[in-house]
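If you want the building blocks of each chain, they are given just below.
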Amino acid sequence: MVEPGTASGAPSGSATSNAGPTVGSTEGSILTTNQWRDDPPAVEVVGITKRYGQVSACDSVDLVFHRGQIHGVLGENGAGKSTLMKILIGLVVPDAGQVIIDGKPSVITDPIDAAEKGIGMVHQHFSVVNALTVWENVALGDQMRLNPEAIRDEIGDLSRHYGLDIEPNAVVGTLTAGLRQRVEIIKCLRRSPRTVILDEPTSVLSPGESEILFEGLRRAVEDEGMAIALVSHKLDEILGATDLVTIMRRGKVVAHQKTSDSDAAGLARAMVGRPVALRSEREVPSSETDSPKRRPTKPKQEHASLEIDSVHANGDDGRVLLDGLDLKVYRGEIVGLAGVEGNGQRPLADLLSSLMSLASGSVRVDGKPIACGRAGAMAKAGISVIPEDRHDSGCVLEMSVAENLFLADPNLVARRGILDHRKMTYRAERLIERFAISCEGPDAPMWSLSGGNQQRVVLAREMAHHPRVLVAAQPTRGLDVGAIEYMSEQLRQAAAAGVAVLLISTELDEILDLASRLVVLSKGRIVGEMSREAVDIERLGLMMGGAVP
Amino acid sequence: MTDVLGSDPIDGAAKEVAAARGRHLVLGEIVTLYALSVLVALFLSGLLVSLTGGSARDVFSALLDGSILRPGRWGLTLGSAAPMLLVALGTIINSKAGLVNIGQEGQLLIGAAFAAFVGTRLGGETTGSVAGFAVLLTLLLAGGLGGALWAAIAGALRFWRGVPEVLSTLLMVTIAANAVGYGLKKDWLLLAPAEGRSNRNQVSEQLADAVRVKRITVFGNEFPLTVLLAIALAVVVTFALSRTVPGFRLRMLGQNAKTAQRAGVDSTRYGMAAMALSGAFAGLAGGIMLAGGDFGNYQLVPGFSVSIGWTGLLVALVAREKASAAVLVAFLFAALRTGSGFLAATGVERKITGVVQALLVLALLIPPAVLYIRQRRRALNASKERI
């Protein structure tokens, strides 16, 4: 960290690049000798409480993050993990309790202050500037004169050291979500934090990328005595990557244990407060374990509910997004669209959300062609979409829950163009009850809901329209076990009710669990198809990698 | 403030009481802050007056006399407030749709020009009250149409060519002023016939008596009936934005364009409509200025818009996109305007009211930011005390 008034304007990284990033701002050299093992805990929170109105986001939370450990914080959406972490980086000020950093009671006033105190965070939702390059993003917030060469070198050093390969000159907007997250991580590591908070870091990563990330983190923890808080609701990840695990439920710490003493079922139970059927337990890829009812076979029909016929689409920059994609989804089946992220999943979801027009090709619902790209055309034709990024195209955060439930068809709760507030409230209340949305009421602003509940609002709205086709894009991304179970059940029920369900997911487990038929997307086209019963994981993997034509 | 919530567990009733007390404290703080902020603005204004050799007390009482206290003055103030309010209502509409229109001054002028053209051509010799009223309605509609068309040009540039509407609306103010100036030079457009005007004056014909807005007198205060129209429109706009389906869709577009597109809100259609409507309100303001009698002599002159468009924009800004608040703010700003007429006697330049107005705008914009900072600092201090 450059001290104010230091004569040299060069960023600190260039000075330390040979030794790799040092840990600690003032006495970094000590730490290389593992002396940190005797240090007081990196961060300790005592009795932290934060209330929003009647709801306690955190309720007397006690937690200790030690140096040299990866500490998992596990909990459902809305359990208070995010609030706790926001308190640690100074975004939220607690109502009660205190934070002790390196043995010293401290008040964290804002993220800059947190960084100075050695706490860095990698957020789940990126805060990068898409129009800028990687190194420019990393240098944002730097003071005094920029030295692009030094920053690029520094990025190179960091990426080699932690195994986070990235091209410093790439424009961030063109990168995949996984790479954009790397930019965030590098931004954080560059400040040489002693405590790093990772909020759902793998929700956008492929399994391979996650593994690399965790290897890098493990190195930072063991060599440099970093303390890492891994906020997650993925059990596998917690089990695989952490040393300790703290489980939160409804703002309280309900369990605290060594990871080596934990198992998935126990963690899930503690997190949800009841036993859950884990997907991993059902994961056996053979059809015998699954009841035939759950996997309806393809019904014979003249028309597919959804017919996508050799669609081509290009991005604004001329990149080919969809390249002759053909896809049919029939009534009552769940088609899983597998593929590595960035192969056309998003454009396809955009297309079916009326957000994109085509260069050529057609989309039909029940045989009727639809005007692609015209506002609301897909929704009107009976295509409901649970979008990948609900904040982007799924809901309006500034509006109330009730308003969000009737975005697409306000005329349902209006008479002659005038909204009937009572009717709206009444119907919203029924939906809130039916989909078990936890909120203060129909008039609560959407932003006041937790991520999982926002997702339920989206689901409720999309299902309330009695769709012909339901497109679920990464529907469980960022959700916890209980919410995943719920969402999965909803998709099954939709299919059982005759809806054609298209499940776009980069999580193979999810597809294997739900889909009756799998298609593989690669480079904007469908490269293969197989039924669930005849699934061949190896071939699937090859197809996803673009290896099988 | 002691930390109520962080102390030992207290029972529910006590918590309620604490929360209620907290609410009162917060409300008191808000009121105090606004009052303080306005007082500081007034103090600075007074200081400025003193520095330029005037007496703050005289200026203040002159402003008050000129805007409200003296006989007939609040009627004038109402008359000035009406077009400001209309401009503000239009601004609220485009802001809700997520569009920034800052060219109301030009839209207003074009509206006034359209109104003048229609009013003088159709109503030249009109005498009957029914016929006159019909012409009046037509000229007001023409004013709205003129403003709408002018704003729609910026809208079209925005939606079909990607030109930022902030720039285009602003720059088109200058074009509007010059276009109207041109119209006032040509007798086939707006220029009055040579007889009945002194040679060099570039003014339009006066509106015939029958096509002017009726003025009513209440307690010795005279104002045009269009004041009531403006207030009625404030109610309509509030209702339309919050309770109708198109208003709902407009807000959706403003807050999340992608979600709106998915839900069937065509951004071009709704955006154009919002832009045109916004311009229509400004144009209508121009129309009622022309036919209302508070701004000049029922005729169009160069510089006719006298910054009412800019002031209306400020009204919307201060009112935070709330039509009900805009009614009050418009009256306040209009009072500064009419009050300034009485400043001559105090020997202070009447443009000082412009400075006062700007200071007031700042004074009303600052408290929310201060509130936020204070709340945060309080929470921080509370946690510092716990250490």
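Draft legend 1. Molecular detail of the overall build of chain B. Helix and strand content of chain B: 13 helices and 2 strands. Taken along its principal axes, the extent of the C-alpha atoms in chain B is 85 × 60 × 35 Å. Contacts spanning at least 24 positions in sequence make up 77% of the contacts within chain B whose residues lie at least 6 apart.

Draft legend 2. View of the overall build of chain A. In terms of regular secondary structure, chain A is built from 18 helices and 22 strands. Sequence-distant contacts, at least 24 apart, represent 69% of the contacts inside chain A between residues at least 6 apart.

Draft legend 3. Broad picture of the domain arrangement of chain A. Residue and element names in this part refer to chain A. The assigned domain composition of chain A is domain 1 (31-118 + 232-272), domain 2 (305-382 + 469-549) and domain 3 (398-466). Between the C-alpha centres of domain 1 and domain 2 there is a distance of 37 Å. Every contact between the two is made by 7 residues of domain 1 and, on the other side, 5 residues of domain 2. When residues in the side of domain 1 that touches domain 2 are grouped by element, the largest group, 3 residues, is from helix H9 (residues 264-272).

Draft legend 4. Quick peek at the domain arrangement of chain B. All names here are of chain B. Along its sequence, chain B is carved into domain 1 (1-54 + 351-387) and domain 2 (74-347). Just the C-alpha atoms count here: the centres of domain 1 and domain 2 sit 35 Å apart. In this complex, domain 1 contributes 8 residues to the contact, which on the side of domain 2 involves 11 residues. Residues that form the side of domain 1 that touches domain 2 fall into these classes: 5 nonpolar, 3 polar and no charged.

Draft legend 5. Representation of the sheet that holds strand E5 (residues 104-106) of chain A within the structure. Residue and element names in this part refer to chain A. Strand order in the open sheet formed by 4 strands is E2-E1-E4-E5, with antiparallel pairing between adjacent strands. Each edge of the open sheet carries a strand with a single partner, namely strand E2 (55-65) and E5. In this sheet, neighbouring strand axes are inclined to one another by 30° on average, regardless of whether the strands run parallel or antiparallel. In terms of strand pairing, strand E1 (residues 43-52) meets strand E4 (residues 96-101) through 5 bridges, oriented antiparallel. Its bridge partner being in E4, Val43 is matched across the sheet by Ile101. Packing against the sheet, helix H2 (residues 81-88) makes contact with E1, E2 and E4, and its axis sits at approximately 120° to E1.

Draft legend 6. Broad picture of helix H15 (residues 451-464) of chain A. Residues and elements named next belong to chain A. Between its terminal C-alpha atoms H15 stretches 20 Å, which fits the 20 Å expected from 14 residues at 1.5 Å a residue. With 13 of its 14 residues buried, H15 lies for the most part within the structure. In the stretch just after H15, His466 is the one whose phi turns positive, near 50°.

Draft legend 7. Up close: helix H4 (residues 104-123) of chain B. The terminal C-alpha atoms of H4 of chain B lie 27 Å apart, and with 20 residues this matches the ideal 28 Å at 1.5 Å per residue to within 8%. The buried count for H4 of chain B comes to 18 of 20 residues, which makes it a mostly enclosed element.

Draft legend 8. Structural detail: unusual backbone geometry. Despite not being glycine, Arg416 of chain A shows a phi value in the positive range, around 50°. Residue Arg416 of chain A is classed as exposed on the basis of its C-beta count, with 8 C-beta atoms lying within 10 Å. The phi dihedral of Phe219 of chain B is positive, around 50°, even though this residue is not glycine. With respect to the secondary-structure elements, Phe219 of chain B resides in the loop between strand E1 (215-218) and strand E2 (221-224).

Draft legend 9. A look at the nonpolar core. Membership of the largest hydrophobic core comes to 267 residues, with the highest contact counts inside it found for Leu503 of chain A together with Leu85, Leu89, Ala326 and Ala330 of chain B. For this core, the element with the most residues is helix H10 (residues 267-292) of chain B, which contributes 16 residues. Residues in contact with Ala330 of chain B, not counting those within four places in the same chain, are Ala81, Met84, Leu85, Ala88 and Val315 of chain B.

Draft legend 10. Looking closely at the environment of Glu333 of chain A. Residues and elements named next belong to chain A. Relative to the assigned elements, Glu333 resides in the loop between strand E12 (320-329) and strand E13 (334-338). For Glu333, a count of 24 C-beta atoms within 10 Å gives the class buried. For the pair formed by Glu333 and Leu514, sequence separation is 181 residues and the distance between their alpha carbons is 9.8 Å.

Draft legend 11. Region of the structure containing the confidence of the model for chain B. All names here are of chain B. In the predicted model, chain B carries a mean pLDDT of 86, and 91% of its residues have values of at least 70. A low-confidence stretch, residues 1-12 stays under pLDDT 50, and its non-local contacts, those more than four residues away or across chains, total 13 contacts. In the model output, the complex is listed with pTM 0.72 alongside ipTM 0.79.

Draft legend 12. Representation of the pairing of strand E20 (residues 500-504) of chain A in the model. Residues and elements named next belong to chain A. For E20, the tally of buried residues reaches 5 of 5 residues, placing the bulk of the element in the interior. Alternating residues of E20 divide into Ala500, Leu502 and Ile504 and Val501 and Leu503, and every residue in both groups is buried. For E13 and E20, the ladder comprises 4 bridges, and the chain directions are parallel. Considered in E20, the bridge of Gly336 is made with Leu503. Two strands pair when backbone bridges link them, and strand E19 (residues 469-473) and E20 are joined in this way by 5 bridges, in the parallel orientation. What sits directly across from Ala473, in E20, is Ile504.

Draft legend 13. Looking closely at the interface of chain B and chain A. Counting residues at the interface gives 26 residues for chain B, matched by 32 residues for chain A. Every element with two or more residues in the side of chain B that touches chain A is listed here: helix H8 (245-255), helix H9 (257-262) and helix H13 (352-386) of chain B. Here the side of chain B that touches chain A gets 6 residues from one element, more than from any other, and that element is H13 of chain B. For the side of chain B that touches chain A, the class distribution of residues is 10 nonpolar, 8 polar and 8 charged.

Draft legend 14. Up close: the pairing of strand E16 (residues 383-386) of chain A. Residue and element names in this part refer to chain A. Of the two faces of E16, the one lined by Ile383 and Val385 and the one lined by Ser384 and Ile386 are each fully buried. One ladder, built from 4 bridges, connects E16 with E19; its direction is parallel. Considered in E19, the bridge of Val385 is made with Val471.

Draft legend 15. Geometry of the packing of helix H11 (residues 308-318) of chain B against helix H12 (residues 323-339) of chain B. Residues and elements named next belong to chain B. One way to put it is that H11 packs onto H12 with a least axis distance of 9 Å and a crossing angle of 135°. Viewed along their axes, H11 and H12 adopt a mutual orientation that is oblique. Seen from above, H11 lies across H12 with right-handed handedness. Residues Thr311, Leu314, Val315, Ala316 and Val318 of H11 touch H12, and the partners they reach there are Ala326, Val329, Ala330 and Phe333. For the contact of H11 with H12, the residue count by class is 8 nonpolar, 1 polar and no charged.

Thresholds applied
- Residues numbered from 1 in each chain as written.
- Chains lettered and ligands numbered in written order.
- Predicted model: local features only at pLDDT ≥ 70, side-chain atom pairs only at ≥ 80, totals over all residues.
- Helix = DSSP H or I, 4+ residues; strand = E, 2+ residues; numbered from the N terminus.
- Contact = placed C-beta atoms within 7 Å.
- Domains from an automatic or database assignment.
- Nonpolar A, V, L, I, M, F, W, Y, C, P; charged D, E, K, R; others polar.
- Pairing = 2+ DSSP bridges.
- Axes fitted to C-alpha atoms, helices over the stretch in contact; angles between N-to-C directions.
- Expected span 1.5 Å × (residues − 1).
- Buried ≥ 20, exposed ≤ 12 C-beta atoms within 10 Å, placed from the backbone.
- Core = buried A, V, L, I, M, F, W, Y, C linked by C-beta atoms within 7 Å.
- pLDDT = per-residue confidence, 0-100.
- Parallel < 35°, antiparallel > 145°, perpendicular 65-115°, else oblique.
- Left-handed = near helix turned anticlockwise from the far one by under 90°.

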